[in-house]
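# Structural description and commentary
In case you want the letters, here they are:
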Amino acid sequence: VMSSSSSSSLEMEIFQYIDAHQSDFIEDLKEWVAVESDSVQPHLRKEVMRMIALAADRLAALGATVNLVNLGSHQLPDGQVLPLPSVILGELGKVPQNPTVCFYGHVDVQPAKKEDGWNTDPYTLTEINGVHIFIRNLYGRGATDNKGPVLAWINAVETFRALKLAMPVNFKFVIEGMEEAGSLGLQKLLEEENHGFFSDVDYIVISDNLWLSNKKPALTYGSRGNACFFVECGSKDLHSGTFGGIIHEPLLDLIALLDSLVDCTGRIQIPGIYDSVAALTEEERQLYESIEFDLEEHRNNCGVKKFLYGTKEEILLHLWRYPSLSIHGIEGAFHEPGIKTVIPAKVIGKFSIRQVPHMDLSVVKKQVVEHLEDVFSKRNSPNKLKVSMPLGAKPWLADVDDLLYKAARRAIKTVFGEDPDFIRDGSTIPVARMFQTVTQKSVMMLPIGAADDGEHSQNEKISRRNYIEGTKLFAAFFLEISKLH
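What you see is a predicted model; the values in this text were computed from it and never measured. (Residues numbered from 1 in each chain as written. Predicted model: local features only at pLDDT ≥ 70, side-chain atom pairs only at ≥ 80, totals over all residues. Heavy atoms only, no water.)

### Describing the sheet that holds strand β6 (residues 126-129)
Note: strands within a sheet are paired through backbone hydrogen bonds, in either parallel or antiparallel orientation. The condition is simple: The criterion for strand pairing is that DSSP finds at least two bridges linking the strands in question. The numbering of helices and of strands both runs from the N terminus, where a helix is a DSSP run of H or I of at least 4 residues and a strand a run of E of at least 2. To obtain an axis, a line is fitted to C-alpha atoms, over the contacting stretch when the element is a helix, and the angle between two such axes runs from 0 to 180 degrees between their N-to-C directions. Two residues form a contact once any of their heavy atoms are found within 4.5 Å.
Judged by pairing direction, the sheet is antiparallel, and its three strands sit side by side in the order β6-β7-β20 without closing on themselves. The open sheet has two edge strands with one neighbour each: β6 and β20 (461-463). Averaged over all pairs of adjacent strands, the angle between their axes in this sheet comes to 30 degrees, without regard to strand direction. For β6 and strand β7 (residues 136-139), the ladder comprises four bridges, and the chain directions are antiparallel. Its bridge partner being in β7, Thr126 is matched across the sheet by Tyr139. Seen against the sheet, helix α14 (residues 464-483) touches β6, β7 and β20 and runs at an angle of roughly 65 degrees to β20.

Structure, rendered in structure tokens:
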């Protein structure tokens, strides 16, 4: 173990190198952002393949052993068969006494078009001054989700190599190109490699989410699950002049069903849905109290006039710790501009429930079906009702007292000069749960993006500060982990 003075002079040397090479690191990100690696749209699949090849070359240049694992192909709903991008399994260093840290990231992105409301071309990384002159933002699709963080980790490793320093840990990399399309084939690969590639891994780090604040760093220790539902009503299209007023209209049935799900305070109306939610402990309540969370800033980030709750604690509890239900759309209803006096025959309502520990997916499904059937039966409608759950992902929760979190907390203190907020994520991060369930290793989410980065939306960005300080954070984290062994 290094003395604290030698370790701090080593950190200084590393941080100075990172500062001096900022423009190189930004050029790297520019090159990656320029690849339209959208895994959702079939015609861009070849660009995802190109992006995976680029990332593999970058790891090989570090001196890593790179294995591109072929996952075969998948069939789209229209029958088209597409090849799946390979998953990169990389390895650097095999020093027996060093801990092994495995990093997961993805290099595919959400769809983006300039005409969707971007101020700049989404595939040209563009640096623009932020609201505060000292913040410069790097705009581009994938800047924060997830090309920026993947490169920051690689650049942190590269810094040790460039300075001819001994690697403080052994590195492994899992980099995929299908995260935005559901990580197809990843779980099977993890299961197959559990006793191979993952056998000597001590820790798994994911950096694919954001801080809670625009300025204060955070460590994430949990996320909600997600159960998506389709509720279908109907028969055949009819003319409203001929049949309006004498039939049970499917869309009216559906709207009544959707309206029965949540009340105006946001509380889910499905009987029994809150029964299994874990009770709030005193230690946990204290974690919430110490979190820095600016209600105004959060309101501005999401562009709403007011929230359902008025206090920081209530908002965070309902965002992370309690289930929520959102309605996403109705398929089959007329939605073009203008008017069309049709009574839609078959309509499908789509909604999802973000569930939390210790809700059971199969119980949630049963509760939803029973509730909708009960509401529907009271309408005496001859229409057919069909409820399905096409997608279900479980919540994830880690232990904040784990060594991994202790090391990350120290690294954040070193780089940012303050302790992080310990946060949960209101969205679903299936990959964290997947890694933890399959490998049974310690998993941590270590974000470097700020709350206003706009992942998935127009004008996605990462600030120059977060990208560069995030690189230092990863480097400091490697040193902290090595001290624990």
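### Digging into the UniProt feature "site: Important for catalytic activity" (unreviewed entry) in the protein
Put simply, the rule is: UniProt positions are given in the numbering used here, feature names are shortened, and annotations may be inferred rather than shown by experiment. For every residue, the accessible area obtained with a 1.4 Å probe (protein chains only) is divided by the maximum for its type, and the residue is called buried under 20%, exposed over 50%, and partly exposed between those limits.
Residues given the UniProt feature "site: Important for catalytic activity" (unreviewed entry) here are His239. Tracing the backbone through its elements, the reader meets His239 in strand β12 (residues 238-239). What makes His239 partly exposed here is its relative accessible area of 45%. Those residues in contact with His239, other than ones at most four positions away along the chain, are Gly244, Thr341 and Ile343.

### Details of the side chain of Glu91
The condition that has to hold: N or O atoms closer than or at 3.5 Å make up a polar contact, with two conditions inside protein: a donor-capable atom paired with an acceptor-capable one, and, for residues adjacent in sequence, both atoms drawn from side chains.
Along the chain, Glu91 turns up in strand β4 (residues 87-92). At 2.8 Å, the side chain of Glu91 and the side chain of Lys94 are in polar contact.

### A word on the UniProt feature "binding site: Mn(2+) 2" (unreviewed entry) in the protein
The UniProt record annotates "binding site: Mn(2+) 2" (unreviewed entry) at His106, Asp145 and Asp208. Separation in sequence by 103 residues is not matched in space for these annotated residues, since their most distant C-alpha atoms are only 8.2 Å apart. Relative to the helices and strands, His106 resides in strand β5 (residues 100-106). The topology assignment puts Asp145 in the loop between β7 and α4 (147-162). Note on Asp145: relative accessible area 4%, which makes it buried. Look past the residues within four positions of Asp145 in its chain and what remains in contact with it is His106, Asp108, Val109, Glu180, Asp208, Glu455, His456 and Glu460.

### Considerations on the domain arrangement of the protein
Quick reminder of the rule: As used throughout, domain bounds are those supplied by an automatic or database domain assignment. A 1.4 Å probe defines the accessible area here, and the buried area is the portion of it lost by two parts on being joined, summed over both. Here a salt bridge means any side-chain nitrogen of Lys or Arg lying within 4 Å of a carboxyl oxygen belonging to Asp or Glu.
Splitting the protein by domain gives domain 1 (3-223 + 395-482) and domain 2 (225-277 + 322-393). Relative placement of domain 1 and domain 2: their C-alpha centres are 37 Å apart. With seven residues of domain 1 at the contact, the number on the domain 2 side is seven residues. Summed over both partners, the interface of domain 1 with domain 2 buries about 540 Å², with 63% contributed by carbon and sulfur atoms. Across the contact surface, domain 1 and domain 2 share zero salt bridges. There are two residue pairs in polar contact (both at pLDDT 80 or more) connecting domain 1 and domain 2.

### Let's talk about the layout of surface pockets
The line we're drawing: Definitions used throughout: a 1 Å grid over protein atoms alone; a cavity as a set of points that fits a 1.4 Å probe which cannot get out; a pocket as an open set with protein on both sides within 12 Å along at least five of seven lines; a lining residue as one with an atom within 4 Å of a point. Grid points are joined across faces, edges and corners, and a volume is the space filled by probe spheres set on the points.
Space inside the second largest pocket adds up to approximately 410 Å³. Around the second largest pocket, the lining is made up of 21 residues, and of these Tyr221, Glu283, Glu284, Leu287 and Val400 lie nearest the centre. Mapped onto the lining of the second largest pocket, the elements with two or more residues apiece are α8 (282-289), α12 (403-416) and β18 (421-425). Here the lining of the second largest pocket takes four residues from α12, the largest share from any one element.

### A look at empty space enclosed by the protein
Convention followed: In the scheme used here, Gly and all other residues not listed as nonpolar or charged are polar, with Ala, Val, Leu, Ile, Met, Phe, Trp, Tyr, Cys and Pro taken as nonpolar and Asp, Glu, Lys and Arg as charged.
Inspection of the entire model under this criterion finds two cavities of 30 Å³ or more. What the largest cavity holds in volume is close to 40 Å³. Forming the walls of the largest cavity are Gly272, Ile273, Ser276, Met359, Asp360, Val363, Val364 and Gln367. Partitioned by chemical class, the residues of the lining of the largest cavity number four nonpolar, three polar and one charged. By volume, the second largest cavity is sized at about 30 Å³. If you trace the second largest cavity, you find it lined by Leu71, Leu84, Pro85, Ser86, Val87, Glu176, Gly177, Met178 and Leu184. The residue inventory of the lining of the second largest cavity, partitioned by class, reads six nonpolar, two polar and one charged.

### Observations regarding the pairing of strand β15 (residues 346-354)
The pairing of strand β11 (residues 226-234) with β15 spans eight bridges and is classified as antiparallel. Looking at β15, one finds that Cys228 is bridged to Ser352.

### Side note on the sheet that holds β15
With antiparallel pairing, the four strands of this open sheet are ordered in space as β13-β15-β11-β16. Where the open sheet ends on each side, the last strands, each with one partner, are β13 (324-331) and β16 (384-393). For this sheet, the mean angle separating the axes of adjacent strands, direction not counted, is 20 degrees. Inspection of the sheet shows β11 paired to β16 by eight bridges, in the antiparallel sense. From the neighbouring strand, Cys228 faces β16, where its bridge partner is Leu391. Running over the sheet, helix α7 (residues 250-259) touches β11, β13, β15 and β16 and is turned about 150 degrees from β11. Contacts from helix α11 (residues 361-377) reach β11, β15 and β16 within the one sheet, and its direction differs from that of β16 by about 160 degrees.

### Overview of the nonpolar core
In plain terms, the rule: Residue types Ala, Val, Leu, Ile, Met, Phe, Trp, Tyr and Cys, when buried and joined through side-chain atoms within 4.5 Å, form a set referred to as a nonpolar core.
Trp153, Phe173, Val174, Phe435, Leu446, Tyr467 and Phe477 are the most contacted members of the largest nonpolar core, which totals 102 residues. The greatest single-element share of this core, amounting to ten residues, is contributed by α14. If near-sequence neighbours (up to four positions away) are discounted, Phe173 is found in contact with Leu59, Leu62, Ile88, Leu89, Gly90, Glu91, Leu92, Phe103, Trp153, Ile154, Val157 and Phe197. Val231, Leu257, Leu325 and Val368 belong to the second-largest nonpolar core, a separate cluster that totals 27 residues.

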